[in-house]
Amino acid sequence: MNVLTKKQDNLTHQNQIVQFPKNQDFEKAIKDISLIFRKYGFSYQQTKYIVRQARQKCDLNPAYETKKTLPVLPSGEELELLLKISEKNPTHWLILKLLMVCGLRISELTNIKKKDIYLDEGKIFISTSKTGNRYVLFPKSLRVHLIREMQKTNSGTEYIFVSRLHKPFTRKGAWYFIKEYAKKANINKNLHPHIFRHWWITEMSQILSEKGLEVLSGNKDNLDRYIHLNVSKFKEVYDRRFE
């Protein structure tokens, strides 16, 4: 099968998804459903959950599913090598370390504010529109590094990670230095900020329950209902792995 044929097949699949029967009053259906959502005041995440459950009850499945390949994760030795190379830049080292031990998305990490860090409790408050609020844990060994980073940053900013221009650290900046360190370390894998989250989830899935992993990773819709769950119940298990 040549490239042109593959493209045509993909277009055919896409057309199968977007072509709807002409005898259905979609405008009325959308209006009726919208009234229900407004009546109950559902949030985005609640609406997403309801729609998914409704599809399942109606046995509505995609016409076709795209195959997702598992990412090639870095080894423990490769992670240690990255940290070793980044030691000359304490900010880069701490960003890498937090990505590795907290399972954070890069957007979550760059938006961490000083008030979100609970040094004595070893946890960080994460607030995102994507998955709601949650806490993540960090090992005691990082406490001194977090304190030093907070003292370094300009008193005029609320964010813990800032650039040399005293602006919040960017996702692009993290992507760049991770690629550079991987190149210096001769690691021939596609390393990027999110790969460390994949690695963390893989590691923690071996020692945490499914519910514990959901709470700490923010991988489940409607996590707001878990925000008051005491994450300290996972702290002992977590510390045994990362201290």
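Residues numbered from 1 in each chain as written. Predicted model: local features only at pLDDT ≥ 70, side-chain atom pairs only at ≥ 80, totals over all residues. Heavy atoms only, no water.

Draft legend 1. Region of the structure containing the overall build of the chain. Along the backbone of the chain there are 11 helices and three strands. Counted from the first residue to the last, the chain has its helices and strands arranged as α-α-α-α-α-α-β-β-β-α-α-α-α-α. Residues counted as buried form 37% of the 243 residues belonging to the chain. The long-range fraction of contacts in the chain, counting pairs at least 24 apart against all pairs at least 6 apart in sequence, stands at 62%. As displayed, the chain offers around 16,200 Å² of accessible surface, 53% of which is attributable to carbon and sulfur atoms. (Helix = DSSP H or I, 4+ residues; strand = E, 2+ residues; numbered from the N terminus. Buried < 20%, exposed > 50% of the residue type's maximum accessible area, 1.4 Å probe, protein only. Contact = heavy atoms within 4.5 Å. Areas by Shrake-Rupley, 256 points an atom, 1.4 Å probe, with all protein chains shown as cover.)

Draft legend 2. Up close: the packing of aromatic side chains. A complete count under the given rule lists six aromatic pairs for this structure. Every member of this aromatic cluster is reached through a ring pair, and the members are Phe37, Tyr40 and Phe42. It is lysine 123 that lies over the ring of tyrosine 118; its NZ or CZ is 5.5 Å from the centre. The ring of tyrosine 135 has lysine 123 sitting right over it, with the charged end atom 4.2 Å from the ring centre. (Phe/Tyr/Trp six-rings, centres within 6.5 Å; stacked < 30°, edge-to-face > 60°. Lys NZ or Arg CZ within 6 Å of the ring centre and 35° of its normal.)

Draft legend 3. Summary view of the pairing of strand 3 (residues 132–137). Most of strand 3 sits inside the fold, with five of its six residues counted as buried. Here six bridges tie strand 2 (residues 123–128) to strand 3, and the two strands are oriented antiparallel to one another. Within the sheet, the bridge partner assigned to threonine 128 lies in strand 3 and is glycine 132. (Pairing = 2+ DSSP bridges.)

Draft legend 4. Looking closely at the nonpolar core. Leu98, Leu109, Phe196 and Trp200 are the most contacted members of the largest nonpolar core, which totals 47 residues. Other than its neighbours up to four places away in sequence, phenylalanine 196 contacts Leu79, Leu82, Leu96, Leu99, Met100 and Ile178. (Core = buried A, V, L, I, M, F, W, Y, C linked by side-chain atoms within 4.5 Å.)

Draft legend 5. Seen up close, helix 8 (residues 171–184). When the terminal C-alpha atoms of helix 8 are compared, their 20 Å separation across 14 residues agrees well with the 20 Å that a helix rising 1.5 Å per residue should span. Every buried residue of helix 8 is accounted for by Ala174, Phe177, Ile178, Tyr181 and Ala182. When helix 8 is viewed along its axis, its buried side chains cluster within an angular range of 140° and face the same direction. Within helix 8, the exposed residues directed more than 90 degrees away from the buried face are Lys172, Tyr176, Lys183 and Lys184. Buried positions along helix 8 lie against helix 4 (76–85), helix 5 (90–102), helix 6 (106–110) and helix 9 (193–204). Looking one or two residues past helix 8, asparagine 186 carries a phi angle of roughly 55°, positive in sign. (Expected span 1.5 Å × (residues − 1). Arc of directions from axis to C-beta.)

Draft legend 6. Main features of the pattern of salt bridges. Under the defined criterion, the tally for this structure stands at 10 salt bridges. The salt bridge partner of aspartate 116 is lysine 115, with a shortest N-O separation of 3.5 Å. Since its relative accessible area comes to 8%, aspartate 116 is described here as buried. Given a relative accessible area of 62%, lysine 115 falls into the exposed group. When salt bridges that share partners are traced, they join Arg105, Glu108 and Arg134 into one network. (Salt bridge = Lys/Arg side-chain N within 4 Å of Asp/Glu carboxyl O.)

Draft legend 7. Expanded view of unusual backbone geometry. Within the chain, asparagine 186 stands out as a residue other than glycine whose phi angle is a positive 55°. Mapped onto the elements, asparagine 186 comes out in the loop between helix 8 and helix 9. Accessibility expressed as a relative area gives 64% for asparagine 186, which makes it exposed.

Draft legend 8. Inspection of a nonpolar patch on the surface at higher detail. On the surface, a cluster of nonpolar side chains totalling about 300 Å² of accessible area is made up of Ile36, Tyr40 and Phe42. Here isoleucine 36 shows up in helix 2 (residues 26–40). (Patch = residues over 30% accessible without salt bridge, like charges linked within 9 Å, V, L, I, M, F, W, Y side chains within 5 Å.)

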